[in-house]
Amino acid sequence: MARTRPTRAVSGALGRGRERVTGVFQRRYPTVAVTGMTGVGKTELVDHLVGRAQPEGTAESGSAVMERRVRRGRRLTGFRFRVVPGENAATRLGALDEVFHDDPVDGVLHVVAHGHATGRRTAGTTGPAVVDREDQLARELEDWTVTAHRIAAMAVRRPHPTWLVVVVTKVDLYADEVDEVVRSYSPGSGTPFGDRLDELRALAGAAKLSIDVLPACSHLDGDAVSAQQRDAYLVALEARMAQLSGHD
Ligand SMILES: Nc1nc2c(ncn2[C@@H]2O[C@H](COP(=O)(O)OP(=O)(O)OP(=O)(O)O)[C@@H](O)[C@H]2O)c(=O)[nH]1
Ligand SMILES: [Mg+2]
């Protein structure tokens, strides 16, 4: 009906205004995709990075939809996180499309846990999920292969560089071999994960994609890692992200 047109025009203009405001906001706060298979600790890591740690034990349930979290920093030094859910394969692919194709992010935190992903219980069953580390490592690699392809495609498409930080988390569970494990997730390490990183870098081009590998821990099981050490890992990760985003 003709009478409804002015209303639509007004709401259209308001919508465009809102988009412009959002656009400015987004340019100030770089966007960061957080990827990795289910149970590696993405949600808990981002809780720490946005400064809103959840009470222990509440992060148990897997997420079905993308979590969007914002870290507001001093003088515009914030980040917008998009946590790609790991549990449901169908929603995960859609979310990967969104962060790497439809609305490409500025940087990526790819989270791995050295085969210590927490198994999700199959619906209707009780008791702890059986977790086989070899199986977890194989699934981690499979997940990384899919994600690495998407990152490469995004990096070659865009004119400006993208950054990737491989976050090797849950180091409290293998505290005496952190350096070794970090090395095994690094470019040039000769491991299957490292080989895929090398391929990714070759595809994207070193100038288009910077790659870092950093240890992390967002939860403490036992006392192999002190709270101070955990905080130091998180501070180092934040500092590197700030540097990569030109925040300092
Ligand atoms: N020991 C230890 N456990 C951790 C650490 N980080 C996370 N966890 C535990 O690992 C489990 C899974 O963590 P989440 O953050 O829910 O995992 P996620 O990657 O978000 O999983 P999805 O949402 O299914 O993709 C939780 O029980 C956490 O408490 C860590 O650094 N050390
Ligand atoms: Mg989660």
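Please refer to the structure higher up on the page.
Predicted model only: the values in this text are computed from it and were never measured.

A.B. asks: Got a minute to help me understand helix H3 (residues 89-102) in this structure?
C.D. replies: Since the α-helix packs 3.6 residues into each turn, any two residues three or four apart lie on the same face. Taking 1.5 Å of rise per residue, the 14 residues of H3 would be expected to cover 20 Å, and the 18 Å separating its terminal C-alpha atoms lies within 8% of that figure. Residues Arg92, Ala95, Leu96, Val99 and Phe100 constitute the buried set of H3. The arc that holds the buried residues of H3, viewed along the axis, is 110 degrees, so those residues lie on one side. Away from the buried face of H3 by more than 90 degrees, exposed residues Ala90, His101 and Asp102 are located. Next to the buried residues of H3 lie strand S1 (31-35), strand S3 (79-83) and helix H4 (133-157).

A.B. asks: In this structure, what is going on with helix H7 (residues 227-244)? I would like to understand it.
C.D. replies: Between the first and last C-alpha of H7 there are 26 Å, a value that for 18 residues agrees with the 26 Å anticipated at 1.5 Å per step. Every buried residue of H7 is listed here: Tyr233, Leu237 and Met241. Each buried residue of H7 lies within a common arc of 70 degrees when the element is viewed along its axis, so the set occupies one face. Counted as exposed and oriented over 90 degrees from the buried face of H7: Ala227, Gln228, Asp231, Val235 and Gln243. Positive phi shows up at glycine 246, right after H7, with a value of about 65 degrees.

A.B. asks: Just checking my understanding: could you explain the environment of histidine 160 for this structure?
C.D. replies: Tracing the sequence through the fold places histidine 160 in the loop between H4 and strand S5 (162-168). Here histidine 160 falls in the exposed class, since 7 other C-beta atoms lie within 10 Å of it.

A.B. asks: Which parts of the structure should I look at to understand the pairing of strand S4 (residues 107-112)?
C.D. replies: For a regular strand, side chains alternate in direction, first toward one face of the sheet and then toward the other. The buried count for S4 comes to 5 of 6 residues, which makes it a mostly enclosed element. As judged from the 6 bridges shared by S4 and S5, these two strands associate in the parallel manner. Residue pairing for S5: glycine 107 is matched across the bridge by tryptophan 163.

What counts as what
Residues numbered from 1 in each chain as written. Chains lettered and ligands numbered in written order. Predicted model: local features only at pLDDT ≥ 70, side-chain atom pairs only at ≥ 80, totals over all residues. Helix = DSSP H or I, 4+ residues; strand = E, 2+ residues; numbered from the N terminus. Expected span 1.5 Å × (residues − 1). Buried ≥ 20, exposed ≤ 12 C-beta atoms within 10 Å, placed from the backbone. Arc of directions from axis to C-beta. Contact = placed C-beta atoms within 7 Å. Pairing = 2+ DSSP bridges.

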